[in-house]
Amino acid sequence: MIDGFRHLRRVKTRMSDRQFMTDREVPLSQLGAPIEKTGFHVKTLKRRATNSRVEPPAPRGGRLCERRELLESLDASLENRVTLVIAPAGYGKTTLLAQWCLMKADSQAMIAYYSASEHDRDPTTFLTMIAHALIAAGVDLGQGSALDDDNVQDDITLDDILLGLELAGQPMALVIDDFERVNDPAITNIMQAFIEHAPPLLHFVIASRTFPNIPLSALELEGKLRMIDTYQLRLRRDELAWMLDLDSTGPEIAEVALQTQGWPVTAELYRLWRQRRGVHDERATFGGHVAEVHNYLAEQLFSSLPKDHLDLLIDIADRPEVSAELADAMRGRDDSASLLMAAAHNMSSLMWTGREHGAMVYRLHPLLLEHLRQRLSQNPRRRQELSIRAAHWYMAEVRYPEAIRAAIDSHSVDTVHHIVGQLRPMHIMVAGGAVSLRTILRELSDDVMQMHPNLQIMAALAHFKGGFFAESRSMIARLREETENFTIDPDGHPDWLLIDGSFVDLIALCQVSRCGPEAIRLHDIVRAAAAQDPVMWGACEIVMMLVHQIHGNFDAAEVAIARARDVYRTIAHSRYSGNQIIGHEMLIHTARGQMRRAMDVIAGYKKESEFDASYDAGTPTLSKLILAVIRYEREYSDHAVETLKTHQIEHRKAESWFDQYAISIPPIATRLFVREGAQAALDYIAEERFHATGGLEALPDFLTFLEIEYLARSGDAESARHLADGIALKACAYGKDDIADLRGWRERDASLVALFRLQMACAEYDEAEETAQTLLKHGAAGGRLRALIKGHIFTALTLITRKQTGARERIYEAVMLAYPEGFVAPFAEEGGALLSVIDELLNGDAIDGYARRHLEEVHRAIRGAMARIDSMDLNARELEIVRHLADGLSNKVIARRMGITDHTVKFHLKKVFSKLKVSSRRAAVAKAVASNVLE
């Protein structure tokens, strides 16, 4: 790309690696940030998203005529599915839409407005902006807070939006302006699905300079597509006359109409030029081409400005949007604020202004920018100097993508090398998350990537956060070899290279592999090399927090949390890592069985404005996942499990790691076992084994333990024993296998549960009691409440089976442990085996009122789980559809949720109606609720 880079040492990066990353990008934020000024810029970005681009532009100065016919045409769009407003720049598309939105403000039809940006090309970012626009228009998307609170979470899905629109139930138009900026396949695919599945009352108005790549031919054939093009957008003679305050029959308006061809921006330039001259200049002649007219008028308009105003506008022409601070930095002056205000006053109809996070920003009409850039190109040295200064200002403001763009615009090898060489992947990650990394990587060519090891670390880190663990580790291993163990850096920062490279290797190891001596070795390397780097010290504490949590050392993990929080509090700006700390707090409280504390952490996270979901897709989805797990533990209901399945899929898209599977798969498999039998549970486990990606070392054994459990519970002891022998189950459960020191507590508990089930199936009751006692001891030693409860329950089961005394006391102990946190599932999972003991406790007076109330809930859950449906009742697929009906979803949304077609949904509904002997959706839901089918 830039020849001067050829002298730098090249470090190879395969194109396939980068392509693999960009094909599955996670949600993007707009900018990355290191430590110094993150807080300022993140807040600025959020306000830009929630204020500037989801509100129609305010009316500009000048005599902007009301386009009555076009406004009526837009009104008619409410009778069509899609209206396209297609025309090049300068035809007044945005002005027309703004007038229409203003006119419709008091009508019953809601209008949502959104102006797209190049930064919205990521699907999740695009959907987030759509959500902001809808909420601004009054649609309740279930986010629980107003738009101004900046709390629309960036893990929102198209299904969330569709559901909110379904429930809104009133006519509405969604206006998407400047669509050409996001006219990429990822976005057009979303728009195709959006248009297809949105409720009939929603109408789309899409304005673009180019025809959107959305398949619309079917709508056109059905008469549901309306088009407003350049011919309709041109100003008629009477409109020109009104705009210019001229006689519509006079010679001047005839000449203007001929020369401008009704091009609105050129007519506005003429108005401004004429206003400055005072009268029509009959000596002015044009060549007959509208572009020549535009250029002539722009030249005349700019020539009439004061020189210092014109010089300023030329200087900022390469920057599409500027603040006075940026303009001052570029020009080396301190008068930009007053000059920009004066220029905006003089050209109010062609210069956009707005306040963003307390600062005034300015944007000229794109056609005027093109003209100014032509002038600026006549002085290449000045242009380069301005771009270099802009790049350095953006760097100081931690706006890395703009800094890189400005540096590339400068064509200065030294500037690009300097900007890129200062990027610290882990610092950016800690501050802004993987979304910031990907935004930066988009700006870089493959040539530049190959020359800078720090950029390749950034790419490996982005792969890792996208769930491509094997690819990430392969990239780091290759880079380690080519830089001789992270010691050779052409950018002159081998210490940075060693720290960041080793740390990425470390987190990949901890996330994918069982944490062992190699993880500790890498941790020590980073800590030693980063003695003066608090960011990396805090990151190391987060890693140790993960290591302790995996091995069940929760006290040590909480100490690491406190240390990490203290570190990041001192450096003040570490949003992503702050979210990571909160995510681990949720996991630790849930692992301990402290469900109330986990919910308090989640509630605090959602309320805390300091943490911005746009910089971390994982923590919001993890919070939903954990809430669903808590609901399962407290309700043991099919609906809780369905919610858990939905959030597991959501979280898998954001992050993919062992804990998410370990906390979600067992509840789902258990309910399948209870409702549909062992084969359904085993099929689900096999499906999860197939879909699990990334080479997570602990997951295959964990899934095998679950398979053994459900085979044993179904009575197939022979198959369960065969699997157990193949994996040396007893040695795993008792910590005597070859990798005992590497296994985490979740693996250990799952192996003990599987061993207990197998021993019970084989009538080895004494051994089963010993295993139950081992689980109980491990739970007590590790402070894991669920394991304690389950240990008592398992012990009671062995006593009940052998018809020995003591089961009542064991269940009593389990209930006393369970009721403060509301645990129901550990009891209900055992079905009717515990009912006699529970009835005995309920009929006695050994338990107090609170415990009795909880035991009654357990009793109801067991009775509900034991209720079997006869051959005329609903199967699992039909039950799922009825649950979606109860949530108010349409067939199209149900089809999207379940991954089936509309036709298949209708087919299942016919069977549901037949089985329930009803004829409507509402009646089906009512009967299902009355029959407790949905519990």
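Quick caveat: nothing in here was measured; it's all calculated off a predicted structure.

**Considering empty space enclosed by the protein**
Thinking step 1. On inspection of all chains with the given rule, the structure shows 10 cavities of 30 Å³ or more.
Thinking step 2. Looking at the largest cavity, its volume works out to about 680 Å³.
Thinking step 3. In terms of lining residues, the largest cavity is bounded by 32 residues, among which Glu633, Ala662, Pro666, Trp745 and Arg786 are the most central.
Thinking step 4. The greatest single-element share of the lining of the largest cavity, amounting to 6 residues, is contributed by helix α39 (residues 745-761).
Thinking step 5. Looking at the lining of the largest cavity residue by residue, the classes come out as 19 nonpolar, 3 polar and 10 charged.
Thinking step 6. Taken as a whole, the second largest cavity holds about 360 Å³ of empty space.
Thinking step 7. Lining of the second largest cavity is provided by 25 residues; of these, Lys465, Ile542, Tyr576, Gln580 and His584 occupy positions nearest its centre.
Thinking step 8. If you list the elements that add at least two residues to the lining of the second largest cavity, you get α21 (425-432), α24 (453-465), α26 (494-512), α28 (534-550), α30 (575-592) and α32 (618-635).
Thinking step 9. Classifying every residue of the lining of the second largest cavity gives 15 nonpolar, 8 polar and 2 charged.

**Some points on the environment of Ala886**
Thinking step 1. Inspection of the secondary structure assignment puts Ala886 in helix α46 (residues 876-886).
Thinking step 2. Given the relative accessible area of 40%, Ala886 is considered partly exposed.
Thinking step 3. Each C-alpha atom, one on Ala886 and one on Arg921, is 8.7 Å from the other, the two residues being 35 residues apart in sequence.

**Comments concerning the pattern of salt bridges**
Thinking step 1. Under the definition given, this model contains 51 salt bridges.
Thinking step 2. Here Arg592 ties to Asp555 by a salt bridge, and the two come within 2.7 Å at their closest N and O atoms. Residue Arg592 is located in helix α30, and its partner Asp555 is located in helix α29 (residues 554-571); the two are separated by 37 residues in the primary sequence.
Thinking step 3. Judged by relative accessible area, Arg592 falls into the buried class, the value being 13%.
Thinking step 4. You can call Asp555 exposed: its relative accessible area is 54%.
Thinking step 5. Here Arg883 ties to Glu642 by a salt bridge, and the two come within 3.8 Å at their closest N and O atoms. In this pair, Arg883 is assigned in helix α46 and Glu642 in helix α33 (residues 638-654), connecting sequence segments 241 residues apart. The burial state of Arg883 is the same as that of Glu642; both residues are buried.
Thinking step 6. Beyond isolated ion pairs, a larger network of salt bridges with shared partners links Glu633, Glu709, Arg713, Arg757, Arg786, Lys790, Glu829 and Glu830.

**What to know about the pairing of strand β4 (residues 202-208)**
Thinking step 1. Of all 7 residues in β4, 7 are buried; the element is thus mostly enclosed.
Thinking step 2. Two strands pair when backbone bridges link them, and strand β1 (residues 82-86) and β4 are joined in this way by 5 bridges, in the parallel orientation. Opposite Leu84, over in β4, you have Ile206 as the bridge partner.
Thinking step 3. Pairing of strand β3 (residues 172-177) with β4 involves 5 bridges; the strand directions are parallel. From the neighbouring strand, Ala173 faces β4, where its bridge partner is His203.

**Side note on the environment of His523**
Thinking step 1. Note on placement: His523 falls in helix α27 (residues 517-529).
Thinking step 2. Judged by relative accessible area, which is 8%, His523 ranks as buried.
Thinking step 3. Each C-alpha atom, one on His523 and one on Ile499, is 9.8 Å from the other, the two residues being 24 residues apart in sequence.
Thinking step 4. When near neighbours in sequence (up to four residues on either side) are disregarded, His523 contacts Leu506, Cys540 and Met544.
Thinking step 5. Looking at His523, its side chain comes within polar contact range of the side chain of Asp524, at 3.3 Å.

**A few points about helix α36 (residues 698-713)**
Thinking step 1. With 16 residues, α36 extends 23 Å from end C-alpha to end C-alpha; this agrees with the ideal 22 Å at 1.5 Å per step.
Thinking step 2. For α36, the buried fraction is high: 14 of the 16 residues fall into the buried class.
Thinking step 3. Trailing α36 by a residue or two, Gly715 shows a phi angle of about 95°, which is positive.

**Some points on the nonpolar core**
Thinking step 1. Counting residues in each nonpolar core, the largest one holds 223 residues, and the members touching the most others are Leu313, Met351, Leu444, Phe503, Leu729, Ile811 and Phe827.
Thinking step 2. Ile161, Ile190, Ala895 and Ala924 belong to the second-largest nonpolar core, a separate cluster that totals 64 residues.

**Considering the packing of aromatic side chains**
Thinking step 1. Counting across every chain of the model gives 8 aromatic pairs.
Thinking step 2. On the numbers, 5.5 Å between centres and 65° between planes, the contact of Trp393 with Tyr394 is edge-to-face. Each member of the pair, Trp393 as well as Tyr394, is classed as buried.
Thinking step 3. When the ring centre of Trp537 is taken as origin, the NZ or CZ atom of Arg527, which lies over that ring, is 3.6 Å away.

**What to know about the sheet that holds strand β5 (residues 225-228)**
Thinking step 1. Reading across the sheet, the 5 strands line up as β2-β3-β4-β1-β5 and stay open at both edges, with parallel pairing between neighbours. Every interior strand has two partners, whereas the edge strands, β2 (110-115) and β5, have only one. Neighbouring strand axes in the sheet, compared pairwise and without regard to direction, differ in orientation by 15° on average.
Thinking step 2. In the sheet, β1 pairs with β5 via 4 bridges, with the strands oriented parallel. Note that in β5 the partner of Val82 across the bridge is Leu225.
Thinking step 3. Of the strands in this sheet, β1, β4 and β5 are in contact with helix α3 (residues 68-76), which crosses β5 at around 165°.

**Side note on the side chain of Arg748**
Thinking step 1. Positionally, Arg748 belongs in helix α39.
Thinking step 2. No salt bridge is formed by the buried Arg748. Its closest oppositely charged neighbour is Asp737, at 4.5 Å.
Thinking step 3. The contact partners of Arg748, leaving out residues within four places of it in the chain, are Cys732, Ala733, Gly735, Asp737, Ala740, Arg743 and His778.

**What to know about the environment of Arg121**
Thinking step 1. Along the polypeptide, Arg121 turns up in the loop between β2 and α5 (123-136).
Thinking step 2. In this structure, the C-alpha to C-alpha distance between Arg121 and Arg181, residues 60 residues apart in sequence, is 7.8 Å.
Thinking step 3. If we skip the residues at most four places from it in the chain, Arg121 touches Arg181, Val182, Asp184, Ala186, Ile187 and Arg442.
Thinking step 4. At 2.8 Å, the side chain of Arg121 and the backbone oxygen of Arg181 are in polar contact.

Thresholds, definitions, all that
- Residues numbered from 1 in each chain as written.
- Predicted model: local features only at pLDDT ≥ 70, side-chain atom pairs only at ≥ 80, totals over all residues.
- Heavy atoms only, no water.
- 1 Å grid on protein atoms, 1.4 Å probe; cavity = no way out; pocket = protein on both sides within 12 Å on 5 of 7 lines; lining within 4 Å.
- Points joined across faces, edges and corners; volume = space filled by probe spheres on them.
- Helix = DSSP H or I, 4+ residues; strand = E, 2+ residues; numbered from the N terminus.
- Nonpolar A, V, L, I, M, F, W, Y, C, P; charged D, E, K, R; others polar.
- Buried < 20%, exposed > 50% of the residue type's maximum accessible area, 1.4 Å probe, protein only.
- Salt bridge = Lys/Arg side-chain N within 4 Å of Asp/Glu carboxyl O.
- Pairing = 2+ DSSP bridges.
- Contact = heavy atoms within 4.5 Å.
- Polar contact = N/O pair within 3.5 Å; in protein donor to acceptor, adjacent residues only side chain to side chain.
- Expected span 1.5 Å × (residues − 1).
- Core = buried A, V, L, I, M, F, W, Y, C linked by side-chain atoms within 4.5 Å.
- Phe/Tyr/Trp six-rings, centres within 6.5 Å; stacked < 30°, edge-to-face > 60°.
- Lys NZ or Arg CZ within 6 Å of the ring centre and 35° of its normal.
- Axes fitted to C-alpha atoms, helices over the stretch in contact; angles between N-to-C directions.
- Lys, Arg positive; Asp, Glu negative; His and termini not counted.

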